[in-house]
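A structural walkthrough
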Amino acid sequence: MALHPLFTPEHDEFRASVRAFVESELTPHAMDWERDGHFPDWVFKRMGDLGFLGVRYPVEYGGSGGDWGHTIVVAEEMARVGSGGVGMAVAVQSDMATPPIFRFGSEEQKQAYLAPAIRGEKIACLAITEPDAGSDVASIQTTARRDGDGFVINGRKIFITNGVRADFCTLVTRTDKAAGHEGFTLFVVERDLPGFTVAQELDKLGMRSSDTAELVLDDVRVPGSALLGEEGRGFIELMWELQGERLIGAAGSIAGAQLVMERTIDYAKERRAFGRPIGSFQVNRHAFAEMATELEAARQLTYDTALAWERGEYPVKQISMVKLYAGLAVGRVMNRCLQLWGGHGYATETGVERAWRDSRVLRIGGGTDEVMREVISKTMGL
Ligand SMILES: Cc1cc2nc3c(=O)[nH]c(=O)nc-3n(C[C@H](O)[C@H](O)[C@H](O)COP(=O)(O)OP(=O)(O)OC[C@H]3O[C@@H](n4cnc5c(N)ncnc54)[C@H](O)[C@@H]3O)c2cc1C
């Protein structure tokens, strides 16, 4: 099949190098990291050394000056690790916590946070969600109030990926409650500042090798230089960040489901019941036909949307559709595949149950299915 216009032969070469790295240096450890509940920090450093953490950032900050095609290649190939938490943590580093620093940050912030994050020397997290505010981002309670030349921040953040080990945090606050949507402000906050603590590390269904923290900010004093972007513009800046987050989350999950489906096809050709391979039953052949169609549709929508963004559009509606549809399609594929493996799908050793658990987060993180439906229906004048 011809390459999608998002990609060139150069992207294929890049894909081969990311795949070789993942399969030789990460995949062999996946089971251990799943069992331990975390992967080691050296993964960030090694990926930084190889240039895989800054593919879309300019060379002056240590990036590769690539495009959305490269970013999607990394997300897709990370699905081969065999432990979804690694790809998610890396995506938070490269495509969620640092893009606001690149786009809205000062030169000083780019040198202090973006460049070391691209090198894998500093680990980043993005803190939006709070114990009492998830989907309804506008109701977050974390405040930053001016204090001399700086600010004092108070609040709690929950479900923060990389939050336990992060060196810095891209943080969403309110600087002016009375100003509504114009009262939000982003900050880049060092994690070792007095008053900034990890209240707990959360246990969770999937993505088990990534750490997920509840963070507490208790009178955390930050200098004025910690303000990211424009005071009062944080809500709009955050909405921009969420678009990339949704696109990249979908791309990685679709690739994960594709891998599981391919493995399931191989299994269905070999596994026999009632004297025949289970893949020869019409009901199962048709299930594969439907799964392949759904994944292809999700992938093409993802690529088309990434290309639209690459060409200068800001395709909010399409990105919401990508995330919604990918979440539903991936969920259906994972479920069906697990069923086709029978008891072996439920058992840990095949990795199918792990992929099934990991994939579920796509319908929740970065905006739930219901939030996507809200965004899409609003663009339809409803
Ligand atoms: C593994 C994992 C990693 C995460 N990483 C991060 C991270 O790094 N940084 C970060 O900030 N957050 C992170 N999150 C949080 C995630 O983005 C939120 O969980 C998500 O936005 C949903 O918010 P909530 O959990 O508070 O659910 P709620 O907002 O309480 O929603 C509960 C239910 O109500 C539904 N609902 C809400 N509003 C409506 C409506 N208007 N109409 C219909 N239904 C509605 C929701 O769709 C959902 O089904 C992570 C979550 C997980 C699970």
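The preceding data block contains the structure.
My aim in this report is to walk through the structure given alongside it, one point at a time. Position numbers for residues start from 1 in each chain and track the written sequence from start to end. Selection of residues for local features in this predicted model requires a pLDDT of at least 70, selection of side-chain atom pairs for listing and counting requires 80 or more, and totals for whole chains, interfaces and linings are taken over all residues. By convention in this description, side-chain values take in all heavy atoms of the structure and omit both hydrogens and water.

1. Side note on the overall build of the protein chain
- Strands are runs of DSSP state E lasting at least 2 residues, helices are runs of H or I lasting at least 4, and numbering of each runs from the N terminus. From N to C terminus, the protein chain includes 13 helices and 10 strands.
- With C-alpha atoms as the basis for the radius of gyration, the globule rule is written as 2.2 Å multiplied by the number of residues raised to the power 0.38. For the protein chain, the C-alpha radius of gyration of 21 Å lies close to 21 Å, the compact-globule estimate for 382 residues.
- Across its three principal directions, the C-alpha atoms of the protein chain cover 80 × 50 × 40 Å.
- Burial classes follow relative accessibility: with a 1.4 Å probe on protein chains only, a residue under 20% of its type's maximum area counts as buried, one over 50% as exposed, and anything between as partly exposed. Taken over 382 residues, the protein chain has a buried fraction of 54%.
- Contact definition: two residues touch when any of their heavy atoms are within 4.5 Å. Across the protein chain, the fraction of contacts at a sequence separation of at least 24, relative to all contacts at a separation of at least 6, is 74%.
- Accessible area for the protein chain stands at about 16600 Å²; split by element, carbon and sulfur atoms hold 53% of it.
- In this count, Lys and Arg are taken as positive residues and Asp and Glu as negative ones, while His and the chain termini are left out. All charge positions are set by atom: Lys at NZ, Arg at CZ, Asp at CG, Glu at CD. Side-chain charges in the protein chain split into 42 positive and 54 negative, and the spacing between the mean points of these groups amounts to 6 Å. All accessibility values rest on the Shrake-Rupley procedure with a 1.4 Å probe; residue burial counts only the protein chains present in the view.

2. Focus on the nonpolar core
- Judged by nonpolar contacts, the single largest core of 87 residues is most densely connected at Leu-6, Leu-26, Met-47, Trp-68, Ile-72, Met-78 and Met-291.
- Take this core: its biggest share by element is 14 residues, from helix H8 (residues 234-270).
- Joining through side-chain atoms within 4.5 Å is the link that ties buried Ala, Val, Leu, Ile, Met, Phe, Trp, Tyr and Cys residues into a set, and such a set is a nonpolar core. If you look at the next biggest cluster of nonpolar residues, it comprises 19 residues, including Ala-127, Ala-144, Val-222 and Ala-226.

3. Looking at the side chain of Glu-245
- By secondary structure assignment, the location of Glu-245 is in helix H8.
- Nearest to the buried, unbridged Glu-245 among oppositely charged side chains is Arg-246, at 6.8 Å.
- If we skip the residues at most four places from it in the chain, Glu-245 touches Asp-95, Met-96, Leu-126 and Gly-366. When a carboxyl oxygen of Asp or Glu lies within 4 Å of a side-chain nitrogen of Lys or Arg, that pair is called a salt bridge.

4. A closer look at the site of the ligand
- Any residue with at least one heavy atom within 4 Å of a molecule or strand is counted as near it. The environment of the ligand is formed by 16 residues, the closest being Thr-129, Ser-135, Phe-159, Thr-368 and Glu-370.
- Two N or O atoms form a polar contact when they lie within 3.5 Å of each other; inside protein one atom must be a possible hydrogen donor and the other a possible acceptor, and for residues adjacent in sequence the pair counts only when both atoms belong to side chains. Within the backbone of Leu-126, one N or O atom sits 2.8 Å away from a nitrogen atom of the ligand.
- Against a free-state accessible area of 980 Å², the protein chains account for coverage of 62% of the ligand.
- Where the shell around the ligand is concerned, the elements lending two or more residues are strand E1 (124-127) and strand E3 (150-161).
- The leading source of residues in the shell around the ligand is E3, at three residues.
- All amino acids are sorted into three groups, where Ala, Val, Leu, Ile, Met, Phe, Trp, Tyr, Cys and Pro are nonpolar, Asp, Glu, Lys and Arg are charged, and the leftover types, Gly among them, are polar. Looking at the shell around the ligand residue by residue, the class counts come to seven nonpolar, eight polar and one charged.

5. A closer look at the environment of Gly-342
- Relative to the assigned elements, Gly-342 resides in the loop between helix H10 (316-340) and helix H11 (343-346).
- Sequence separation of Gly-342 and Phe-7 is 335 residues, and the distance between their C-alpha atoms is 37 Å.

6. Regarding the environment of Trp-240
- Relative to the elements of secondary structure, Trp-240 occurs in helix H8.
- The class of Trp-240 is buried, set by a relative accessible area of 16%.
- Spatially, the C-alpha atom of Trp-240 lies 10 Å from that of Met-96, the residues being 144 residues apart in sequence.
- Once residues lying within four places of it in the same chain are set aside, the contact partners of Trp-240 are Pro-99, Pro-100, Arg-103, Phe-104, Trp-309 and Tyr-314.

7. Brief notes about unusual backbone geometry
- A positive phi angle is found at Asn-162, which is not glycine, with a value near 70°.
- Note that Asn-162 resides in the loop between E3 and strand E4 (168-174).
- By relative accessible area, which is 0% here, Asn-162 ends up buried.
- The phi dihedral of Met-207 falls on the positive side, at around 50°, and the residue is not glycine.
- Looking at where Met-207 falls in the secondary structure, it is placed in the loop between strand E6 (196-201) and strand E7 (212-222).
- With a relative accessible area of 12%, Met-207 lands in the buried category.

8. Notes on the pattern of salt bridges
- Tallied over the entire structure, the rule returns 24 salt bridges.
- Notably, a salt bridge pairs Glu-77 with Arg-80, separated by 3.2 Å at the nearest N-O pair.
- Exposure remark for Glu-77: the relative accessible area of 2% places this residue in the buried category.
- The partner of Arg-208 in a salt bridge is Asp-203, and the shortest N-O contact between them spans 3.1 Å.

9. Notes on the packing of H10 against helix H13 (residues 369-379)
- Note on geometry: axes are lines fitted to C-alpha atoms, helical ones only across the stretch in contact, with angles between N-to-C directions running from 0 to 180 degrees. Taken N-terminus to C-terminus, the directions of H10 and H13 make an angle of 145°; their axes are 9 Å apart at the nearest point. Of the two elements, H10 crosses H13, and the hand of that crossing is left-handed. Where H10 approaches H13, its residues Val-316, Lys-317, Ser-320, Met-321, Lys-323, Leu-324 and Leu-328 are matched on the opposing element by Asp-369, Met-372, Arg-373, Val-375, Ile-376 and Thr-379.
- Looking at the contact of H10 with H13 residue by residue, the classes come out as seven nonpolar, two polar and four charged. Helix crossings fall into two classes, left-handed where the near helix is turned counterclockwise from the far one by less than a right angle and right-handed where it is turned clockwise.

10. Observations concerning the state of the cysteines
- Defined by distance alone, a disulfide is two cysteine sulfur atoms within 2.5 Å. What the rule picks out here adds up to zero disulfides.
- Free cysteine: Cys-125, not disulfide-bonded; nearest cysteine sulfur from Cys-169 at 3.4 Å.
- By relative accessible area, which is 0% here, Cys-125 ends up buried.

11. Details of the pairing of E3
- The element E3 is largely enclosed, with a buried count of nine among its 12 residues.
- Two strands pair if DSSP finds at least two bridges between them. With five bridges connecting them, strand E2 (residues 143-147) and E3 associate as antiparallel partners. Residue pairing for E3: Asp-147 is matched across the bridge by Gly-150.
- Once E2 ends, the chain turns through two residues before running back antiparallel as E3, passing Gly-148 with a positive phi of about 65°.
- Here eight bridges tie E3 to E7, and the two strands are oriented antiparallel to one another. Across the sheet, Thr-161 pairs through a bridge with Thr-212, a residue of E7.

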